[in-house]
Amino acid sequence: MYIENRAKGGKNVVFKILKLNEQEADEELDRLNQPRPSVTVQTIRPNYSIISLSQVTEASLEIWRPDEDPLPNEDVSADDGDDSNSKEFITIKVTNPDSAVEDGKTTTVVEQHHEKNGQNVTTDGEGDDGHETTMGGHHEHGKLFGYVKVGTLLVVWLLFTGFLMSKHEKELTPRQLSVPEGSYRTYILPEASPGSRIGINLKGAFLSDQQHNNTITYVFVNLQLLYLPSNNSNASFYPDHDAKYVENITSVWHVPIPSSLEAIDQMDEISRKHVFDIGPVNHQKVTSGKAVVRMRMSSNLDADFPTKFTYDPTPMDTETGVIYAAIVLLGLYVLIIWEIVHRTFAAIIASTLAIGVLAAMNERPSMPKLISWIDVETLLLLFGMMILVAILSETGIFDYLAVYAYQVTNGKVWPLINCLCIFTAVLSSFLDNVTTVLLMTPVTIRLCEVMELNPVPVLMSMVIYSNVGGTLTPVGDPPNVIIASNSHIAKNGVNFATFTLHMAIPIFFVMITTYFQLRMKFKNINDLRFSEPQDVQEIRHEIAVWQRAAASLSSYSKDEDLVRETLLKKVNRLSRSLKKKLVTGSVPVESYKATLEEMRRKYPIRSKTLLVKSAITLAFVITFFFLHSAPDIQKLSLGWTALLGALLLLILADREDIESVIARVEWSTLLFFAALFILMEALAELGLIDWIGKQTENVILSVSEESRLAVAILIILWVSAFASAFVDNIPLTTMMVKIAIGLAENEALDLPLQPLVWALALGACLGGNGTLIGASANVVCAGVAEQHGYRFTFIEYFKVGFPVMVGSVIVSTIYLMFAHVVFTWH
């Protein structure tokens, strides 16, 4: 390489740089008569550098310098596949320092020239940005895929943006009404509906439709047509009993209510919705001004019945909404399965599209309603535990436990994995499985690293056992919390001990079958190891960490720019080292047994004081987690407990650099959950969740009486399992609990409640193993693993988790059939 002085005198000095190594850089610095700390050597492409003036340290200067170690048989005159006739040079115009004394800045302009087969291409750009220019670009199919992806996402963006811009938030005005005893109440609807469908929403002490057989008192609601004279639009002068001008145009809606005032006083307020269709003829009469629509309410209760009434002139067509909901959910899985975009971005797109569909159907939710859809309790739990794990990792306890676990199991792979999975399952039984995964994932990753195992299959096995173990108790998994906390189920004898007893037997057999399924999946021990040597994997991992660190820095300040460019230079040097190892081969790594003592010295407890403080905090958090099932003792929820624990540890640790702790929170995971909560509530508003429930109920009611218990168990178990694999199991469990209670309360069916509860618990929890987003623990584990540089895709998890889920549900089916259909344990 040589540096040619192209212009002398004046304000600009022009250099042409073909190759710059460290020795030539020093010579050129001496020739320029510039002090070394004020000069940086900036690489534009590998082994092509720019001398630019800047006040940096000697250490920074060493990092800016390019590597001099070319690959074996590397042609230093060619780069990245250029042929021997290719030439490349970079022309840099550096402003004379004397002319920049006033502002202390140096302007550098880069002109990059490519000569190949006699052709010359010039690219102008800023010399300080350090971006790499690659001729030739991507392959045609890669370009086409990129164009299709961006174009499709742009069309989706235009769709929901247009819907949201053209529709107002739907706000209905509630009105307080009282249905008098022995009489009826009428209300003239204030505005004409744009269609023949009219929605009536009631809120009060109502019962569900499934409880029809448990009461004899109802509120009766129907719509009437009140005719008007052509010269008077005021209907107030017509007496209510004058049937000459009144016509009933809809059937009567029977809304069940408690039979006594005492029961009404103890009832929770619930909402009931119904859509009446007045028909096109009656709608024409209303729009032409010949008549108005009047609601008529009455009751057979021996007292006045208060209610809150809301009139909806534009109710949503749920049949169409279910189709749109299915399309949105399918789009989400297309984005995630084929990894078109990151799963967090996919969830944001899908949730926004679902809101746009609601807006298009005149059901755009208000911002307070959207916020209410987010399960803040879960986000608080995740945030608090992430803070705890971030600080706890600084003590070195995860590394220490990993080395200790390897020592105890004598370096045998499967015994160690079994111990890890069983410990995770037991811990998940008494703690929330999300908390368990947050604590166990760093240990598992470090353990796999010291054992030279691929953490991905081990993490997938661990999270599967976490979901299985969480099924055992009412506090292990969110669906179980929803089931066990239902007052009606609790009144029917389902408590902590009963729940655990009935779950223990099937979970024991499920864990055994899961073990054999995983052993068959990874029967070749090499499937648990990297396909490349350990040292190559370490370099790849280190490159990923440096790249992620560089990407996290913004261009907010000059210092951040300098640090980011420094990190990118480190990535370049590691990449060249990786290329050398791939070409020359790597040296075999010694077994871990031979280096056990070295690992003990390498991974000690780094801060015993901080470890004691963390242990105190964890003791507080875990104790209150256990006491969560006894609300009379402590009234803190899981989310509040985790948040208070995080605050306690921050106080005890006395951390001033709070930014470094906050930066280690998995914000993408939290955002994914927030978007997923909104998406599932939007799908419920579109009618998808209710549609699943109604189809389940219809199938059960269609079979003969002697087979209904077996069919009910099968339908609830398998529908909840498969639906939980593809839909968030929290809203699904909430809906399926209502179905199970309704089936048990239907006197015509005569079904016991407890077998339906066990089937729902097994299906909703074990179904979460089916896909990567089937359970909260799966998403959290994937997020933490990705932060450590180990990423597993939807398809990778699906190949392992879905067969395990099917096997687990088959075992649960056999158990439930024998226990409750053959031997009628209930």
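What you see is a predicted model; the values in this text were computed from it and never measured.

A. Here's a closer look at the overall build of the protein chain. Counting secondary structure elements, the protein chain contains 29 helices and 16 strands. The burial tally for the protein chain puts 48% of its 826 residues in the buried class. If you take every contact in the protein chain between residues at least 6 apart in sequence, the share linking residues at least 24 apart comes to 77%. Carbon and sulfur atoms make up 58% of the accessible area of the protein chain, which totals about 39700 Å².

B. Layout of the pairing of strand β15 (residues 291-299). The buried fraction of β15 amounts to eight of the nine residues, a majority that puts the element mostly inside the structure. Pairing analysis gives nine bridges linking strand β11 (residues 218-227) to β15, with the strands arranged antiparallel. Considered in β15, the bridge of L225 is made with V293.

C. Geometry of the pattern of salt bridges. Taken as a whole, this structure holds 13 salt bridges when the rule is applied. Between E394 and R655 there is a salt bridge; the shortest N-O distance is 2.6 Å. Within this pair, whereas E394 is found in the loop between α9 (376-392) and α10 (397-408), its partner R655 is found in the loop between α21 (638-653) and α22 (658-663), the two being separated by 261 residues in sequence. Since its relative accessible area comes to 23%, E394 is described here as partly exposed. Its salt-bridge partner being E786, residue R791 comes within 3.9 Å of it at the nearest N-O pair. The class of E786 is partly exposed, set by a relative accessible area of 22%.

D. Region of interest: the sheet that holds strand β8 (residues 175-179). The strand order across the open sheet built from four strands is β8-β16-β10-β14, with neighbouring strands paired in antiparallel fashion. At either end of the open sheet lies a strand with only one pairing partner, and these are β8 and β14 (270-277). The average undirected angle you get between the axes of adjacent strands in this sheet is 30°. With eight bridges connecting them, strand β10 (residues 197-204) and β14 associate as antiparallel partners. Within the sheet, the bridge partner assigned to I200 lies in β14 and is H274.

E. Representation of a nonpolar patch on the surface in the model. A contiguous nonpolar patch, built from L501, I505, F508, F509, I512, F516 and W825 and spanning about 690 Å² of accessible area, is present on the exposed surface. As for its position among the elements, F509 is in helix α16 (residues 496-521). For F509, a relative accessible area of 44% translates into the label partly exposed.

F. Highlighting α21. Counted at 1.5 Å a residue, the expected span for α21 with its 16 residues is 22 Å, and the 22 Å between its end C-alpha atoms agrees. Buried residues of α21: L638, G639, T641, A642, L643, G645, A646, L649 and A653, and no others. Where the residues of α21 are buried, they touch α9 and α20 (608-626). Immediately downstream of α21, the backbone of D654 shows phi near 55°, a positive value.

G. How the structure looks around the packing of aromatic side chains. Applying the stated rule across the entire model yields 17 aromatic pairs. Ring centres of F672 and F673 lie 6.1 Å apart, and the angle between their planes is 75°; on these two criteria the pair is classed as edge-to-face. The residues F672 and F673 share a single accessibility class, namely buried. Aromatic pair W718 and F722: ring centres 5.9 Å apart, planes at 25°, arrangement stacked.

H. Region of interest: the nonpolar core. Ranked by internal contacts, the top residues of the largest apolar core, which has 169 residues, are L332, M385, L438, L679, L683, I716 and F792. Contact partners of L332, with chain neighbours within four places excluded, come to A346, A347, A350, L676, L679 and I773. In this structure, L177, I249, V255 and I257 belong to the second largest nonpolar core, which totals 30 residues.

I. Up close: the side chain of N201. The topology assignment puts N201 in strand β10. Taking relative accessible area as the criterion, N201 reaches 17% and is therefore assigned buried. Setting aside anything within four residues of it in sequence, one finds N201 in contact with L172, R272, K273, K308, F309, T310 and D312.

J. Geometry of the packing of helix α25 (residues 708-726) against helix α27 (residues 753-766). Orientation of α25 relative to α27, taken along the N-to-C sense of each, is 25°, at an axis distance of 7 Å. Accordingly, the angle class assigned to the pair α25 and α27 is roughly parallel. Between α25 and α27 lies a crossing whose hand is right-handed. Residues L709, A712, I713, I716, L717, S720, A721 and S724 of α25 lie in contact with α27, whose contacting residues are P755, L756, A759, L760, L762, G763 and A764. In terms of residue class, the contact of α25 with α27 is made up of 12 nonpolar, three polar and no charged.

K. Spotlight on unusual backbone geometry. Notably, N362 is not glycine yet its phi reads approximately 60°, a positive angle. Structurally, N362 is set in the loop between α7 (343-360) and α8 (367-373). The phi torsion at D654 lies on the positive side, around 55°, for a residue other than glycine. Take D654: it is sitting in the loop between α21 and α22.

L. Spatial organisation of the packing of α25 against helix α26 (residues 729-745). One way to put it is that α25 packs onto α26 with a least axis distance of 10 Å and a crossing angle of 165°. With respect to their mutual orientation, α25 and α26 come out roughly antiparallel. As α25 packs across α26, the resulting crossing turns out to be right-handed. Between α25, through I716, S720, A723 and S724, and α26, the contact on the second element is made entirely by N729, L732, M736, A740 and L743. Taken together, the residues that form the contact of α25 with α26 break down as six nonpolar, three polar and no charged.

M. Region of the structure containing helix α23 (residues 667-685). When the terminal C-alpha atoms of α23 are compared, their 27 Å separation across 19 residues agrees well with the 27 Å that a helix rising 1.5 Å per residue should span. A positive backbone phi angle near 100° is found at G687, which sits one or two residues after α23.

N. Examining the environment of N729 more closely. Residue position: N729 is located in helix α26. Residues N729 and G767, 38 residues apart in the sequence, show an inter-C-alpha distance of 8.5 Å. Beyond its immediate stretch of four places on either side in the chain, N729 contacts P479, S724, A764 and G774.

O. Inspection of the environment of R664 at higher detail. Secondary-structure assignment places R664 in the loop between α22 and α23. For R664, a relative accessible area of 28% gives the class partly exposed. Beyond its immediate stretch of four places on either side in the chain, R664 contacts A390, S393, E394, R655 and Q787. Here the side chain of R664 touches A390 through a polar contact of 3.1 Å, landing on its backbone oxygen.

Definitions and limits used
Residues numbered from 1 in each chain as written. Predicted model: local features only at pLDDT ≥ 70, side-chain atom pairs only at ≥ 80, totals over all residues. Heavy atoms only, no water. Helix = DSSP H or I, 4+ residues; strand = E, 2+ residues; numbered from the N terminus. Buried < 20%, exposed > 50% of the residue type's maximum accessible area, 1.4 Å probe, protein only. Contact = heavy atoms within 4.5 Å. Areas by Shrake-Rupley, 256 points an atom, 1.4 Å probe, with all protein chains shown as cover. Pairing = 2+ DSSP bridges. Salt bridge = Lys/Arg side-chain N within 4 Å of Asp/Glu carboxyl O. Axes fitted to C-alpha atoms, helices over the stretch in contact; angles between N-to-C directions. Patch = residues over 30% accessible without salt bridge, like charges linked within 9 Å, V, L, I, M, F, W, Y side chains within 5 Å. Expected span 1.5 Å × (residues − 1). Phe/Tyr/Trp six-rings, centres within 6.5 Å; stacked < 30°, edge-to-face > 60°. Core = buried A, V, L, I, M, F, W, Y, C linked by side-chain atoms within 4.5 Å. Parallel < 35°, antiparallel > 145°, perpendicular 65-115°, else oblique. Left-handed = near helix turned anticlockwise from the far one by under 90°. Nonpolar A, V, L, I, M, F, W, Y, C, P; charged D, E, K, R; others polar. Polar contact = N/O pair within 3.5 Å; in protein donor to acceptor, adjacent residues only side chain to side chain.

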